[in-house]
Amino acid sequence: MTDHPILPEKSRLLFLGPPGAGKGTQAELLASRRSLLHLSTGELLRAEVSAGSDLGLQAQEIMARGELVSDDLVLAIVRQRLEHHKGGWVLDGFPRTLTQAEALDSLLEQLGQQIELVLLLELDDSALLQRLLGRGRDDDTEEVILNRLEVYRERTSPLVAHYRQRGLLIPVEATGTVETIADRIEGLLR
Ligand code: B4P
């Protein structure tokens, strides 16, 4: 539950949460319903890998191990997209480290924009594992998933306190069907 009873329409949001919590799924739905830009660093990195670009070649092995791609590479991708976009956005899978969060803050300051809300998708490890094993992407083997969960706990979960302190964080229970969770999110944003 949240202590934010009524929220005005938000157009600059982040999705935070462990791998497999459904950040990509829910971010895409929300962005399309509200006509916002959906920016997924995971998707953008996978596109670079498929294209065989220099960046993709650097990212490929790191992603296959379930480690995080370097902050500099990811920041360059995000900067390029946000600099040329005037409207609202939904960020998914970024930031993933405190360094990325701080760099995002300074980029947004330069652009005269700010994060309005952070939605934290919460789900227990066994449900995360089942979802990801069911998806079967190259980095969805049990060994790699367990490493991604560990990396999340060590490097990304400190962002929860970071955004909570700023009064931006709203936890969302990420159990149930895609539609149930989407309705839950809409209910929180209304
Ligand atoms: P991501 O692409 O961000 O992937 P993810 O965290 O594994 O998945 P997400 O939470 O978005 O779950 P999804 O909706 O897809 O990252 C992949 C890799 O890229 C990282 O390991 C890292 O190497 C690199 N990377 C990305 N961003 C980075 C950054 N900022 N810095 C450094 N490295 C970075 O859902 C998962 C599955 O569950 C899907 O199959 C979906 O269909 C299913 N699902 C969703 N909702 C469901 C529901 N309610 N019920 C049942 N199944 C559901």
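For the structure, check the block above.
Residues numbered from 1 in each chain as written. Predicted model: local features only at pLDDT ≥ 70, side-chain atom pairs only at ≥ 80, totals over all residues. Heavy atoms only, no water.

## Quick word on the sheet that holds strand β4 (residues 117-122)
By way of backbone hydrogen bonds, the strands of a sheet pair with one another, either parallel or antiparallel.
Right, so step 1: What the five strands build is an open sheet, ordered β2-β3-β1-β4-β5; its pairing is parallel. Since the sheet does not close on itself, it has two edges, and those belong to β2 (37-40) and β5 (169-173), each with one partner. Going across the sheet, the axis of each strand differs from the next one's by a mean of 20°, ignoring polarity.
Right, so step 2: With five bridges joining them, β4 and β5 adopt parallel strand pairing. In the strand pairing of β5, Leu120 is matched with Pro171.
Right, so step 3: Along the sheet, helix α1 (residues 23-34) contacts β1 (12-16), β2, β3 (89-92) and β4; its crossing angle with β1, the most-contacted strand, is approximately 160°. (Pairing = 2+ DSSP bridges. Helix = DSSP H or I, 4+ residues; strand = E, 2+ residues; numbered from the N terminus. Axes fitted to C-alpha atoms, helices over the stretch in contact; angles between N-to-C directions. Contact = heavy atoms within 4.5 Å.)

## Observations regarding the environment of Arg79
Right, so step 1: Mapping Arg79 onto the fold places it in helix α4 (residues 71-83).
Right, so step 2: For Arg79, a relative accessible area of 33% gives the class partly exposed.
Right, so step 3: For Arg79, the residues in contact, after removing those within four places along its chain, are Leu107 and Gln110.
Right, so step 4: Among the polar contacts listed, one links the side chain of Arg79 to the side chain of Gln110, at a separation of 3.5 Å. (Buried < 20%, exposed > 50% of the residue type's maximum accessible area, 1.4 Å probe, protein only. Polar contact = N/O pair within 3.5 Å; in protein donor to acceptor, adjacent residues only side chain to side chain.)

## Examining helix α2 (residues 41-51)
Right, so step 1: When we look at burial in α2, the residues that qualify are Thr41, Gly42, Leu44 and Leu45. Across the axial projection of α2, the buried residues extend over an arc of 165°, all falling on one side. Exposed positions of α2 whose direction lies more than 90 degrees from the buried face are Ser50 and Ala51.
Right, so step 2: Tucked inside the fold, the buried residues of α2 contact β2, α3 (54-65), α4 and β3. (Arc of directions from axis to C-beta.)

## As for the packing of helix α6 (residues 125-135) against helix α7 (residues 142-156)
How two helices sit against one another is set out by the angle between their axes and by the gap between those axes.
Right, so step 1: Where α6 meets α7, the axes come as close as 10 Å, and the angle between the chain directions of the two elements is 135°. When the axis of α6 is compared with that of α7, the two are oblique. By crossing handedness, the relation of α6 to α7 is classed as right-handed. Contacts between α6 and α7 pair Asp125, Leu128, Leu129, Leu132, Leu133 and Arg135 from the former with Glu142, Ile145, Leu146, Arg148, Leu149 and Arg153 from the latter.
Right, so step 2: Looking at the contact of α6 with α7 residue by residue, the class counts come to seven nonpolar, no polar and five charged. (Parallel < 35°, antiparallel > 145°, perpendicular 65-115°, else oblique. Left-handed = near helix turned anticlockwise from the far one by under 90°. Nonpolar A, V, L, I, M, F, W, Y, C, P; charged D, E, K, R; others polar.)

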